[in-house]
Amino acid sequence: AQSVTQLDSHVSVSEGTPVLLRCNYSSSYSPSLFWYVQHPNKGLQLLLKYTSAATLVKGINGFEAEFKKSETSFHLTKPSAHMSDAAEYFCGYQAGTALIFGKGTTLSVSS
Amino acid sequence: EAGVAQSPRYKIIEKRQSVAFWCNPISGHATLYWYQQILGQGPKLLIQFQNNGVVDDSQLPKDRFSAERLKGVDSTLKIQPAKLEDSAVYLCASSSGQTNTEAFFGQGTRLTVV
């Protein structure tokens, strides 16, 4: 069975500092993993998706994630946080055409 | 390109009442999803349609929840009777149905059951 675990429910950073949102996965085969972002009162938006083409996946708004099979991780990073990055972030996997989400990490950015 | 449309945006009902939500997916998208997102949690898949057929409804509480997608386009999700624990945001999403394509989400309907 597949699953994802978001290791932090809340992450706080200062504007201009790096962002790290952690996600571990469990799968008996190569998974299709993704990160979505949810801004207040807005719909979920795809940030990036891993589909085995490349282990380092670049997404929108300067975010990227690296698939590490040895660590069963798919952490989301950004070199420099902006105030507009404050939102809820969801790691998840695709099972067939169904999307299964983790519990989410709230990112707070202070000035 | 128009996005996924949902209505209403907000709904407040008393427990044991019924409620219905409507979703209009992106034109041409074969796959439609309904998710339930309880405050502080990730979205949970309730039901997935491929055209007008159900692909997965294993987590739909069928004693009170029902959904349909007539003609493989619009969809409605109904709750009857509602319980306090049904308070959540109900999200609709659609995708082309091809493997590894992006799912696009609507803004959701926030349901409060009092």
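Residues numbered from 1 in each chain as written. Chains lettered and ligands numbered in written order. Predicted model: local features only at pLDDT ≥ 70, side-chain atom pairs only at ≥ 80, totals over all residues. Heavy atoms only, no water.

1. Thoughts on the overall build of chain B
Inference 1: Each helix and strand in chain B was counted, giving 0 helices and 11 strands.
Inference 2: Against the globule reference of 13 Å for 114 residues, chain B gives a C-alpha radius of gyration of 13 Å, in line with a compact fold.
Inference 3: Taken along the three principal axes of its C-alpha coordinates, chain B extends 40 × 25 × 25 Å.
Inference 4: Per-residue burial over chain B gives 44% buried out of 114 residues.
Inference 5: Nonlocal contacts in chain B, meaning residues at least 24 apart in sequence, comprise 52% of its contacts between residues at least 6 apart.
Inference 6: Accessible surface for chain B amounts to roughly 5700 Å². Of this, 48% is attributable to carbon and sulfur atoms.
Inference 7: Here chain B contributes 12 positive and 10 negative side-chain charges, whose respective centroids are spaced 6 Å apart. (Helix = DSSP H or I, 4+ residues; strand = E, 2+ residues; numbered from the N terminus. Rg over C-alpha atoms; globule rule 2.2 N^0.38 Å. Buried < 20%, exposed > 50% of the residue type's maximum accessible area, 1.4 Å probe, protein only. Contact = heavy atoms within 4.5 Å. Areas by Shrake-Rupley, 256 points an atom, 1.4 Å probe, with all protein chains shown as cover. Lys, Arg positive; Asp, Glu negative; His and termini not counted. Charge placed at Lys NZ, Arg CZ, Asp CG, Glu CD.)

2. Looking at the pattern of salt bridges
Side chains that carry opposite charge are capable of pairing whenever their charged atoms lie near each other.
Inference 1: Overall, the coordinates contain 5 salt bridges over all chains when judged by the stated rule.
Inference 2: Between Glu64(A) and Lys58(A) there is a salt bridge, with the nearest N and O atoms lying 2.8 Å from each other.
Inference 3: Lys58(A) gets classed as exposed once you look at its relative accessible area, which sits at 62%.
Inference 4: In this structure, Asp86(B) engages Arg64(B) in a salt bridge whose closest nitrogen and oxygen atoms are separated by 2.5 Å. Here Asp86(B) is found in the loop between strand E8 (75–79) and strand E9 (88–95), whereas its partner Arg64(B) is found in the loop between strand E6 (53–56) and strand E7 (65–68), with 22 residues between them in sequence. (Salt bridge = Lys/Arg side-chain N within 4 Å of Asp/Glu carboxyl O.)

3. Remarks on the interface of chain B and chain A
Inference 1: At the junction of the two partners, chain B supplies 20 residues and chain A supplies 18 residues.
Inference 2: Across the chain B to chain A interface the summed buried area is about 1500 Å²; carbon plus sulfur atoms make up 49%.
Inference 3: The tally of links from chain B across to chain A stands at 0 salt bridges.
Inference 4: On the surface where chain B and chain A come into contact, there are 3 residue pairs in polar contact (both at pLDDT 80 or more).
Inference 5: Those elements that place two or more of their residues in the side of chain B that touches chain A are strand E4 (31–37) and strand E5 (44–50) of chain B.
Inference 6: Of all the elements, E4(B) adds the most residues to the side of chain B that touches chain A, at 3 residues.
Inference 7: Counted by class, the side of chain B that touches chain A contains 8 nonpolar, 10 polar and 2 charged residues. (Buried area = accessible area lost by both parts, 1.4 Å probe. Polar contact = N/O pair within 3.5 Å; in protein donor to acceptor, adjacent residues only side chain to side chain. Nonpolar A, V, L, I, M, F, W, Y, C, P; charged D, E, K, R; others polar.)

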